[in-house]
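Summary of structural features
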Amino acid sequence: MSKYGDLIKKAREPENQETINTENQKSGLPEQEQLVNLCIKVPIKERRYWMSKAKEQGITVTSVIIEALNQKFGKPDSQKTKKPD
């Protein structure tokens, strides 16, 4: 067996396993909202142009898209939703 195979086999043995109780641990980091992907189809020529312009300016396309969506629709917390009649 290779040297790595021996190491892996040894690490898998129960006496070499450490158990960590994570039930009562907090990371100390503020809870973040779960992030998801937003996928859109765009022409490749335009995507390349936008990516290069964003890189030139030291920003991300993601930040530009989020800014545009917030400007157009606002943030969910700032919107007052009407209750149905």
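Higher on the page you've got the structure.
Here's a quick rundown of the structure. Along each chain, residue indices are assigned from 1 in the same order as the chain's sequence is written. Thresholds applied to this predicted model are a pLDDT of at least 70 for local features of residues and 80 or more for the giving and counting of side-chain atom pairs; totals over whole chains, interfaces and linings are not thresholded and use all residues. Values reported for side chains reflect all heavy atoms of the structure, with hydrogen atoms and water molecules removed beforehand.

1. Brief notes about the overall build of the protein
Summing up its helical and strand segments, the protein has 3 helices and 0 strands in all. Moving toward the C terminus, one meets the helices and strands of the protein in the order α-α-α. With a 1.4 Å probe rolled over the protein chains alone, any residue whose accessible area is under 20% of its type maximum counts as buried; one over 50% counts as exposed, and the rest are partly exposed. Residue burial in the protein is summarised as follows: out of 85 residues, 2% are buried. Total accessible area on the protein stands at roughly 9,600 Å², and carbon and sulfur atoms take up 54% of it. Runs of E in the DSSP output that reach at least two residues are strands. Runs of H or I that reach at least four are helices, and both are numbered from the N terminus. Values of accessible area rely on a 1.4 Å probe in the Shrake-Rupley scheme; residue burial ignores everything except the protein chains shown.

2. Comments concerning the layout of surface pockets
Taken as a whole, the largest pocket holds about 1,000 Å³ of empty space. Those elements giving two or more residues to the lining of the largest pocket turn out to be helix H2 (44–57) and helix H3 (61–73). In terms of residue count, the dominant contributor to the lining of the largest pocket is H3 (7 residues). Residue polarity follows a fixed list, in which Ala, Val, Leu, Ile, Met, Phe, Trp, Tyr, Cys and Pro are nonpolar, Asp, Glu, Lys and Arg are charged, and the others, Gly among them, are polar. Of the residues belonging to the lining of the largest pocket, the class tally is 16 nonpolar, 6 polar and 3 charged. Cavities and pockets are defined on a 1 Å grid built over the protein atoms alone: a cavity is a set of grid points where a 1.4 Å probe fits but cannot escape, while a pocket is an open set with protein on both sides within 12 Å along at least five of seven lines, and lining residues are those with an atom within 4 Å of any such point. Grid points are joined across faces, edges and corners, and a volume is the space filled by probe spheres set on the points.

So yeah, pure geometry; function would need other evidence.
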